[in-house]
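Next come the chains, spelled out residue by residue.
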Amino acid sequence: METKQNILLSNFTAKEKTAYLSALAALATSDRVASNEELGHLREVSNDAGLSSEDEEKIIEAAKDASGQDLKNSLDVLKQSDLRYGLITDLIAMAKVDDSYTTEEKENIEKVSKYLNVNNNQFSILDQFVNKAADEERTPDEYSEPNFLRSTGMQDKFSNAGFNMQSIGKSIFGFLGPILLGGLAGRTLGRRNSNLVSNQGGGLGGMLGGMLSGNGNQAGMSGGLGSLLSGLATSRSNGSMGGLLGRLFR
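Residues numbered from 1 in each chain as written. Predicted model: local features only at pLDDT ≥ 70, side-chain atom pairs only at ≥ 80, totals over all residues. Heavy atoms only, no water.

**Student:** So what exactly am I meant to see when it comes to the side chain of Asp55 here?
**Tutor:** Of note, Asp55 is situated in helix 4 (residues 53-64). Setting aside anything within four residues of it in sequence, one finds Asp55 in contact with Ala14 and Thr18. (Helix = DSSP H or I, 4+ residues; strand = E, 2+ residues; numbered from the N terminus. Contact = heavy atoms within 4.5 Å.)

**Student:** Even after reading the chapter, I still don't get helix 3 (residues 36-48), so can you show me in this structure?
**Tutor:** Residue pairs spaced three or four apart in an α-helix point in one direction, given the helix's 3.6 residues per turn. With 13 residues, helix 3 ought to run about 18 Å at 1.5 Å a step, and its terminal C-alpha atoms sit 18 Å apart, in line with that. Just downstream of helix 3 lies Gly50, where phi reads positive at about 75 degrees. (Expected span 1.5 Å × (residues − 1).)

**Student:** What is the right way to read the pattern of salt bridges from this model?
**Tutor:** Within this structure, the stated rule accounts for six salt bridges. Here Glu57 ties to Arg43 by a salt bridge, and the two come within 2.7 Å at their closest N and O atoms. Remark: Arg43 occurs in helix 3 and Glu57 occurs in helix 4; sequence separation between them is 14 residues. You can call Arg43 partly exposed: its relative accessible area is 30%. (Salt bridge = Lys/Arg side-chain N within 4 Å of Asp/Glu carboxyl O. Buried < 20%, exposed > 50% of the residue type's maximum accessible area, 1.4 Å probe, protein only.)

**Student:** Just to check I follow, could you spell out the packing of helix 2 (residues 14-28) against helix 6 (residues 84-96) for this structure?
**Tutor:** Axis angle and axis distance: for two packed helices, these are the angle between their axes and the distance between the axes, and together they describe the pair. Viewed as axis vectors pointing N to C, helix 2 and helix 6 meet at an angle of 30 degrees, and their least axial separation amounts to 10 Å. Judged by the angle between their axes, helix 2 and helix 6 are roughly parallel. The handedness of the crossing between helix 2 and helix 6 comes out as right-handed. In this structure, helix 2 uses Tyr20, Ala23, Leu24 and Leu27 to contact helix 6, whose residues at the interface are Gly86, Leu87, Asp90 and Leu91. Residues of the contact of helix 2 with helix 6, tallied by class, amount to six nonpolar, one polar and one charged. (Axes fitted to C-alpha atoms, helices over the stretch in contact; angles between N-to-C directions. Parallel < 35°, antiparallel > 145°, perpendicular 65-115°, else oblique. Left-handed = near helix turned anticlockwise from the far one by under 90°. Nonpolar A, V, L, I, M, F, W, Y, C, P; charged D, E, K, R; others polar.)

**Student:** Just to check I follow, could you spell out the nonpolar core for this structure?
**Tutor:** Generally speaking, a soluble globular protein has its nonpolar side chains buried in company with each other. Among the nonpolar cores identified, the biggest contains 50 residues, and Leu75, Leu78, Leu87, Ile88 and Phe158 are the most heavily contacted of them. Going through the elements one at a time, helix 2, helix 3, helix 4, helix 5 (69-78), helix 6, helix 7 (103-115), helix 8 (120-134) and helix 9 (148-151) are the ones with two or more residues in this core. In terms of residue count, the dominant contributor to this core is helix 2 (eight residues). Ile88 has contacts with Ile109, Val112, Ser113, Leu116, Val118, Phe123 and Leu126, leaving out every residue within four places of it along the chain. (Core = buried A, V, L, I, M, F, W, Y, C linked by side-chain atoms within 4.5 Å.)

**Student:** What is the right way to read the environment of Asn11 from this model?
**Tutor:** Topologically, Asn11 is positioned in the loop between helix 1 (4-8) and helix 2. A relative accessible area of 47% means that Asn11 is categorised as partly exposed. Those residues in contact with Asn11 that lie beyond four places of it in its chain are Glu16 and Lys170.

**Student:** Looking at this structure, how should I read the environment of Tyr143?
**Tutor:** Checked against the element boundaries, Tyr143 lands in the loop between helix 8 and helix 9. Between the C-alpha atom of Tyr143 and that of Gly169, which follows or precedes it by 26 residues, the distance is 8.6 Å.

**Student:** Explain unusual backbone geometry to me, please; I cannot follow it from the model alone.
**Tutor:** Leaving glycine out, the prevailing phi sign among residues is negative, and the prevailing peptide bond configuration is trans. The backbone of Asn117 sits at a positive phi, close to 65 degrees, despite the residue not being glycine. Relative to the assigned elements, Asn117 resides in the loop between helix 7 and helix 8. Classification of Asn117 by relative accessible area gives exposed; the value is 51%.

**Student:** Would you explain the packing of aromatic side chains in this entry?
**Tutor:** Any aromatic ring pair is given by two values, namely how distant the centres are and how the planes are angled relative to each other. Here the structure, examined in full by the defined rule, presents three aromatic pairs. Residues Tyr85 and Phe163 carry aromatic rings whose centres are separated by 4.8 Å and whose planes lie at 65 degrees to one another, so their mutual orientation is edge-to-face. Of this pair, Tyr85 sits in helix 6 while Phe163 is found in the loop between helix 10 (155-160) and helix 11 (168-171), placing the two residues 78 residues apart along the sequence. The two residues Tyr85 and Phe163 agree in class, both being buried. Residues Phe129 and Phe158 carry aromatic rings whose centres are separated by 5.9 Å and whose planes lie at 85 degrees to one another, so their mutual orientation is edge-to-face. With Phe129 in helix 8 and Phe158 in helix 10, this residue pair connects regions lying 29 residues apart in the sequence. Both residues of the pair, Phe129 and Phe158, count as buried. Among the aromatic residues, those joined into a ring-pair cluster are Tyr85, Phe129, Phe158 and Phe163. Note that Lys79 overlies the ring of Tyr115, its terminal NZ or CZ placed 4.0 Å from the centroid. (Phe/Tyr/Trp six-rings, centres within 6.5 Å; stacked < 30°, edge-to-face > 60°. Lys NZ or Arg CZ within 6 Å of the ring centre and 35° of its normal.)

Function cannot be inferred from these measures alone, as they are strictly geometric.
Put into structure tokens, the structure is as follows:
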């Protein structure tokens, strides 16, 4: 049976999927060695994406690489792919999920955007799109509906900013987009479920892990995404993501 991940990335090649997942894996483990559990989850996600064992190993190596070279290689591939918009959307949504989107975080994501040849106007549109999602109560499944972008009232903005309108509906979501934006809507994580911070432990990373493990079936996502998101949250909140990007783009 085809999973949600396959549906979301059905327009992309194995090379693009591998680069996207490798970039996320590298950013999620930028301050530490990936745990065996996390590596197992990455293998699950790779399998769900229909990737070969060779591509799977590339993702695993990216999670282990502390130099940033694997991340750079992945970004070089994404430069030529519309899936780069999915990565930027993921990073913006992650940074905003706890209402603490700092100037430093924005600058770090802008560095990635610039490297991926996402221009300032396109970055601004993606930023507005995430804000729009935060103001509307939607389920994760709604983000994969064919007319979703039109329903936000932002389709003309995307078109005028030079996005490929044939693929933008899929490329801005990637793997993590729906679950991130679904959680961001109405500030679900920051307000109504704020008790998860104390109940789950581990700050934002624990909160995300708890939410995803509880709602993974509803969202149609693999449990491995919970671990990946928790790692991204921790990497972001303790500044290690910025350190990795600083070494990469200095």
